[in-house]
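Observations on the model geometry
One letter stands for each residue in the lines below.
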Amino acid sequence: MNSQKGKLPAKAAVRLLLSAACIDAVILAGVVDTLLDATFQIDYKIEYPITPILLWIFLLLIHWLVTETVLSGITVGRAILGLSMRDNMGRDLSKKRLALRFLGKVSTLGLSGLRLDKLAPYDNRNAIAWFSPLAESKRYGIPLIKLLVVNGLHSNASAALGDFQSFQHNRLIKIGRHPQNDLVLQDASVSRRHCELFVKGDSLYLKDCGSTTGTHLNGKKLKPGRDCHFGNADHFKVGGILIRLID
């Protein structure tokens with residue numbers, strides 16, 4: 001699904017996801033009824049009342065496996081509502097991150113996603129964002145400073161600070177190679193948990209998290225664990241990846 005307009009706020013995303021899940025559940029229930037009607041010559045709802053439930057759960061797991069991993073999150077319900085699953089910078093998700101999300105969802109049978117105020121833990125852990133043509137274009141006062149990846153595999157990818165869920169809640173963006181970071185950079189020079197970008201007071205800071213190749217701010221290597229004020233700096237390096245700040 002490529003027709004995304006913008007990133008949805010968490011509350012709007014979860015409500016649309018629940019609506020999409022209801023559509024998918026109804027369709028799945030119809031499939032179960034059709035299969036059982038074609039198989040049984042008796043009233044299975046009386047003779048075997050547990051059968052529809054077990055079959056529905058089995059088909060649900062198959063449905064999740066196919067839609068969440070092979071189809072990158074596309075279901076009939078989500079397609080109707082225009083929902084697409086991306087990372088925080090609007091990029092397609094890697095197969096590894098899709099698999100981790102699927103395992104997290106199955107481990108709780110999707111129950112941890114039944115909430116109205118925030119995204120499911122398996123979405124937050126894997127830095128999943130939801131995009132939709134229904135998303136409003138305004139930014140709700142969130143800072144509009146953009147991060148632009150200049151080189152590497154994700155060259156020219158960009159996102160505003162306010163596009164990151166963690167920045168909305170904690171004014172913090174974790175950067176690294178591990179999929180649980182907010183900004184994931186797939187590059188050999190980037191450590192699993194490389195650095196953090198955050199706001200303290202009214203200023204922007206950068207901190208190296210003990211990375212192997214180091215974090216550089218305007219050409220100066222940061223000491224691990226020390227908060228470094230951006231000042232007038234307009235770029236920083238995460239290992240060998242250059243990232244520019246654009247107003």
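Residues numbered from 1 in each chain as written. Predicted model: local features only at pLDDT ≥ 70, side-chain atom pairs only at ≥ 80, totals over all residues. Heavy atoms only, no water.

**Observations concerning the sheet that holds strand E4 (residues 146–149)**
As a reminder, the rule being used: For two strands to be treated as a pair, DSSP must find at least two bridges joining them. Labels follow the DSSP assignment, with helices taken as runs of H or I lasting at least four residues and strands as runs of E lasting at least two, numbered in each case from the N terminus.
The antiparallel open sheet is built from six strands, whose spatial order is E5-E4-E14-E13-E10-E11. Among the strands making up the open sheet, the edge pair consists of strand E5 (158–160) and strand E11 (220–221). By the bridge criterion, two bridges tie strand E10 (residues 215–217) to E11 in an arrangement that is antiparallel. Bridging from a neighbouring strand, Leu217 pairs with Lys220 of E11.

**Quick word on the side chain of Glu196**
To be explicit about the condition: The buried label applies to any residue whose accessible area, calculated with a 1.4 Å probe on protein chains only, is under 20% of its type's maximum; exposed applies above 50%, and partly exposed to all values in between. Under the rule applied, a polar contact is a pair of N or O atoms within 3.5 Å (in protein, one hydrogen donor and one hydrogen acceptor; residues adjacent in sequence only if both atoms are side-chain atoms). Two residues form a contact once any of their heavy atoms are found within 4.5 Å.
For Glu196, the position within the fold is in strand E8 (residues 195–200). The exposure class assigned to Glu196 is buried, which follows from its relative accessible area of 8%. A distance of 2.9 Å separates a polar atom in the side chain of Glu196 from a polar atom in the side chain of Arg193. When sequence neighbours within four positions are dropped, the list of residues in contact with Glu196 reads Leu172, Ile173, Lys174, Tyr205, Leu206, Lys207 and Cys209.

**A word on helix H5 (residues 95–107)**
Under the convention used in this document: A helix is expected to span 1.5 Å for every residue after the first. Taking the helix axis as origin, the arc is that swept by the directions to the C-beta atoms.
With 13 residues, H5 should reach 18 Å at 1.5 Å per residue; the first-to-last C-alpha distance of 18 Å fits that figure. If you check which residues of H5 are buried, you get Arg97, Leu98, Arg101, Phe102, Gly104 and Lys105. Down the axis of H5, the buried side of the element spans an arc of 165°, and every buried residue falls inside it. Residues of H5 that are exposed and point more than 90 degrees away from the buried face comprise Lys95, Lys96, Leu103 and Ser107. On the buried face of H5, the contacting elements are helix H3 (51–70), helix H4 (76–81), strand E2 (84–87), helix H6 (121–125), strand E3 (128–132) and strand E7 (183–184).

**What about H3?**
Two residues of an α-helix separated by three or four positions point the same way, owing to the 3.6 residues in each turn. Helix length check: H3, at 20 residues, gives a terminal C-alpha distance of 28 Å against a target of 28 Å (1.5 Å per residue), a fit within 8%. Every buried residue belonging to H3 is among Pro52, Leu59, Leu60, Trp64, Thr67, Glu68 and Thr69, and all of these are buried. Positioned one or two residues after H3, Ser72 has a phi angle of 55°, which is positive.

**Re the sheet that holds E3**
Read from one edge to the other, the open sheet built from three strands follows the order E1-E3-E2, with strand pairing classed as antiparallel. Of all the strands in the sheet, just strand E1 (6–7) and E2 have a single pairing partner and so form its edges. Pairing between E1 and E3: two bridges, direction antiparallel. Counted as the bridge partner of Lys7 is Phe131 from E3.

**Some details on unusual backbone geometry**
One non-glycine residue, Ser72, adopts positive backbone phi at about 55°. You can see Ser72 is positioned in the loop between H3 and H4.

**With respect to the state of the cysteines**
How we decide: Note that a disulfide, as used here, is simply two cysteine sulfur atoms within 2.5 Å.
Applying the stated criterion to the full structure yields zero disulfides. Distance from the sulfur of Cys195, which forms no disulfide, to the nearest cysteine sulfur (Cys209) is 6.5 Å. Given a relative accessible area of 1%, Cys195 falls into the buried group.

**Side note on the nonpolar core**
The line we're drawing: Only buried Ala, Val, Leu, Ile, Met, Phe, Trp, Tyr and Cys residues count toward a nonpolar core, and they belong to the same one when joined by side-chain atoms within 4.5 Å.
One finds Leu147, Ile173, Ile175, Leu185, Leu197, Phe230 and Phe236 to be the most contacted residues of the largest nonpolar core, which totals 24 residues. If you list the elements that add at least two residues to this core, you get E4, strand E6 (172–176), E8, strand E9 (203–208), strand E13 (235–238) and strand E14 (241–246). The residues touching Phe236, leaving out its near neighbours within four places in the chain, are Leu147, Ile175, Leu206, His216, Leu217, Phe230, Ile241, Leu242, Ile243 and Leu245. In terms of nonpolar packing, the next biggest core, distinct from the first, is built from 16 residues, Leu17, Leu81, Leu98 and Ala135 among them.

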